[in-house]
Amino acid sequence: MSAEHNDRIDELLARGARDYNQPGSVPRDEMWARIEASRRARSGQTTKPVRTGRVARPLWIWSGVGIAAALILSVGIGIGRRVERATPGGPLPVAANTGRATPKTDLAVADEAERSAAAGTSRDSIIGKLREETKGTDRRAHELASRQLSPSLEQSAEPNLAYRLVVLQHLAGSEAMITAFRTAARRGDVDVQLASWARELLSTTRMLEASAATQDPTMKRLLEDLDLVIAQIVQYATHGTNNSEELDLIEQSITSRGVITKLRGTVSARTSAAGT
Amino acid sequence: MTEAENAQPNPRYESQPHPRLLERKLVARCLEGDALAERALYDAHVERVYRLMYRMAGDGDLAADFTQETFIRAFERLEQFRGDSSLATWLHTIAVSVALNGMRKVKRTQGRTEMIDDMTSLAAETYRFTGDLKARLHAAIDALSDKLRPVFVMHDVEGYTHEEIAGSLGIPVGTSKARLFDARAKLRVALAAFAGDHIA
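Caption draft 1: Highlighting the overall build of chain A. If you tally the helices and strands in chain A, you get 10 helices and zero strands. Element order for chain A, N to C, with α for helix and β for strand: α-α-α-α-α-α-α-α-α-α. Here chain A holds 276 residues, and the buried ones make up 45% of them. Considering only residue pairs separated by 6 or more positions, chain A has 79% of its internal contacts joining residues 24 or more positions apart. When the accessible surface of chain A is totalled, it reaches about 13900 Å², and 52% of it is carbon and sulfur.

Next up, the structure:
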């Protein structure tokens with residue numbers, strides 16, 4: 001191959017190489033939001049507080065929070081459905097745990113026992129996993145609430161970002177526990193595990209209520225309602241009497257105060273406000 | 001200029017601290033958990049990293065995945081950054097490693113190797129310097145080995161210096177030059193047979 005020939009080939013190479021895999025515009029904010037979400041997921045922590053004096057937070061922070069909150073929301077709502085699916089025959093009316101009058105064949109009874117045993121294992125493992133998930137949030141909430149707020153954060157128009165994220169996680173976890181409780185109570189099998197889970201969430205709810213960082217009056221009211229409902233659940237679950245009147249009172253508290261609707265609405269609204 | 005004037009510090013240099021010093025300060029702030037500093041670090045380097053990832057991957061989604069993974073790893077390992085090289089070089093070391101491993105995972109390299117084999121059998125045909133020839137060239141670049149392709153892409157496509165390439169890939173500058181020479185030679189051979197008409 002002559003030198004001239006090589007030069008021409010090199011020229012072709014140079015011209016053609018410039019177009020090789022030509023990149024388009026850089027999706028900066030989308031990638032950053034995913035980086036933030038992924039780092040939070042890997043570390044199991046929320047975004048560290050910004051230490052500069054700047055109050056207004058840039059869009060990318062809200063995008064990250066939005067993604068995290070959306071995940072939490074979907075987990076919180078999905079949790080109840082998972083628990084319900086793990087229960088054969090789906091949710092039963094409250095009166096169903098008072099006993100069934102219809103006689104069954106031996107085969108039908110054996111089938112049901114087998115399904116119940118399988119479902120029991122599944123339900124226990126799901127509740128166990130969920131409890132572990134909310135424990136992480138509880139620990140983080142206690143850390144944040146017990147920490148003395150820095151003057152810059154106290155004066156800030158924006159509440160502590162990490163704190164807000166933990167509150168959202170707590171609300172989603174509480175919604176999951178209440179849904180799991182309702183399903184279990186209808187079947188008459190509220191157990192120790194659920195009672196412990198409710199106690200842990202009650203402790204976190206009260207701690208959040210007392211925290212100086214909770215300044216939003218709507219949030220304060222929601223936490224008060226949650227406090228009442230979870231306290232009733234703790235009492236019911238601890239006594240283990242399966243008293244249908246007590247259960248009716250809990251149901252009444254949940255529905256009259258619109259606790260589930262408020263929980264879902266708050267998480268959803270704050271996710272939207274975060275810019276997703 | 002008098003001796004006294006000479007003794008005055010040059011304000012131009014005073015107001016512009018050395019980039020490495022700024023880099024160290026930025027890294028220190030990131031390590032303290034300053035989210036704004038993290039974003040600043042990202043903003044300063046994301047464009048160049050993404051461009052390289054796109055050139056390596058040839059796909060927007062993969063490029064975004066590789067870029068994200070690069071920065072996630074960088075933030076995880078930021079404590080290990082000693083400042084011996086520039087932050088950009090350090091980031092590119094991670095980026096190239098992520099891209100090469102990622103590309104192996106999606107088995108694109110294997111698919112492209114098959115393309116270069118097909119191309120050799122078509123070498124007797126003649127092509128104009130149109131999309132055909134360009135496509136052949138791009139396929140030939142795709143088919144370069146994992147050692148040659150990053151050097152060629154970084155140098156001839158993205159315009160990195162041999163020093164930057166050597167730092168990013170952890171190889172001597174001479175090796176970077178030798179690899180570029182090899183890459184060009186392979187591409188010349190791949191192009192020569194069917195670029196005849198254009199050259200003539």
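Caption draft 2: Representation of the overall build of chain B. Scanning chain B from terminus to terminus reveals 12 helices and zero strands. Along chain B, helices (α) and strands (β) appear in the sequence α-α-α-α-α-α-α-α-α-α-α-α when read from the amino end. Counting across all 200 residues of chain B, residues that qualify as buried make up 47%. Accessible surface, chain B: about 10200 Å² in total, of which carbon and sulfur atoms supply 50%.

Caption draft 3: Layout of the environment of Gly-102 of chain B. Residue and element names in this part refer to chain B. Tracing the chain through its elements places Gly-102 in helix H6 (residues 87–105). Given a relative accessible area of 11%, Gly-102 falls into the buried group. Along the chain, Gly-102 and Glu-69 lie 33 residues apart, while their C-alpha atoms are 10.0 Å from each other.

Caption draft 4: Just the side chain of Asp-227 of chain A, in detail. Residue and element names in this part refer to chain A. As for its position among the elements, Asp-227 is in helix H8 (residues 217–239). For Asp-227, a relative accessible area of 14% corresponds to the buried category. Here Arg-206 takes part through its side chain, which lies 3.1 Å from a polar atom of the side chain of Asp-227. Ignoring any residue separated from it by four or fewer positions in sequence, one finds Asp-227 in contact with Leu-202, Thr-205, Arg-206 and Glu-209.

Caption draft 5: Region of the structure containing the packing of helix H2 (residues 28–43) of chain A against helix H4 (residues 35–57) of chain B. Taken N-terminus to C-terminus, the directions of H2 of chain A and H4 of chain B make an angle of 120 degrees; their axes are 11 Å apart at the nearest point. With respect to H4 of chain B, the axis of H2 of chain A lies oblique. Crossing geometry of H2 of chain A relative to H4 of chain B is assigned as right-handed. Contacts from Arg-28, Asp-29, Met-31, Trp-32, Ile-35, Glu-36 and Arg-39 of chain A in H2 of chain A reach Glu-38, Arg-39, Tyr-42, Asp-43, Val-46, Glu-47 and Tyr-50 of chain B in H4 of chain B. Here the contact of H2 of chain A with H4 of chain B is built from residues that sort into six nonpolar, no polar and eight charged.

Caption draft 6: A look at the pattern of salt bridges. Residue and element names in this part refer to chain A. A full pass over the atoms with the stated rule returns 20 salt bridges over all chains. We note a salt bridge from Asp-225 to Lys-262, for which the minimum N-O separation is 2.9 Å. Within this pair, whereas Asp-225 is found in helix H8, its partner Lys-262 is found in helix H10 (residues 259–273), the two being separated by 37 residues in sequence. Judged by relative accessible area, which is 9%, Asp-225 ranks as buried.

Caption draft 7: Here's a closer look at the interface of chain A and chain B. Each partner contributes to the interface: chain A provides 39 residues, whereas chain B provides 46 residues. Surface buried jointly by chain A and chain B totals about 4100 Å² across both partners, of which 64% is contributed by carbon and sulfur atoms. Among the residues chain A hides against chain B, the three largest losses belong to Leu-12, Tyr-20 and Arg-28 of chain A. Together they make up 18% of the total. Along the contact surface separating chain A from chain B lie five salt bridges.

Caption draft 8: Geometry of the nonpolar core. Leu-41, Leu-52, Met-53, Phe-66, Phe-71, Ile-141 and Phe-152 of chain B are the most contacted members of the largest nonpolar core, which has 62 residues in total. Counting residues per element, this core draws most heavily on H4 of chain B, which supplies 11 residues. Apart from the residues within four sequence positions on either side, Leu-52 of chain B is in contact with His-92, Val-96, Val-153, Met-154 and Tyr-160 of chain B. Listed in part, the 38 residues of the second largest apolar core include Ala-176, Ala-198, Ile-230 and Ile-250 of chain A.

Thresholds applied
- Residues numbered from 1 in each chain as written.
- Chains lettered and ligands numbered in written order.
- Predicted model: local features only at pLDDT ≥ 70, side-chain atom pairs only at ≥ 80, totals over all residues.
- Heavy atoms only, no water.
- Helix = DSSP H or I, 4+ residues; strand = E, 2+ residues; numbered from the N terminus.
- Buried < 20%, exposed > 50% of the residue type's maximum accessible area, 1.4 Å probe, protein only.
- Contact = heavy atoms within 4.5 Å.
- Areas by Shrake-Rupley, 256 points an atom, 1.4 Å probe, with all protein chains shown as cover.
- Polar contact = N/O pair within 3.5 Å; in protein donor to acceptor, adjacent residues only side chain to side chain.
- Axes fitted to C-alpha atoms, helices over the stretch in contact; angles between N-to-C directions.
- Parallel < 35°, antiparallel > 145°, perpendicular 65-115°, else oblique.
- Left-handed = near helix turned anticlockwise from the far one by under 90°.
- Nonpolar A, V, L, I, M, F, W, Y, C, P; charged D, E, K, R; others polar.
- Salt bridge = Lys/Arg side-chain N within 4 Å of Asp/Glu carboxyl O.
- Buried area = accessible area lost by both parts, 1.4 Å probe.
- Core = buried A, V, L, I, M, F, W, Y, C linked by side-chain atoms within 4.5 Å.

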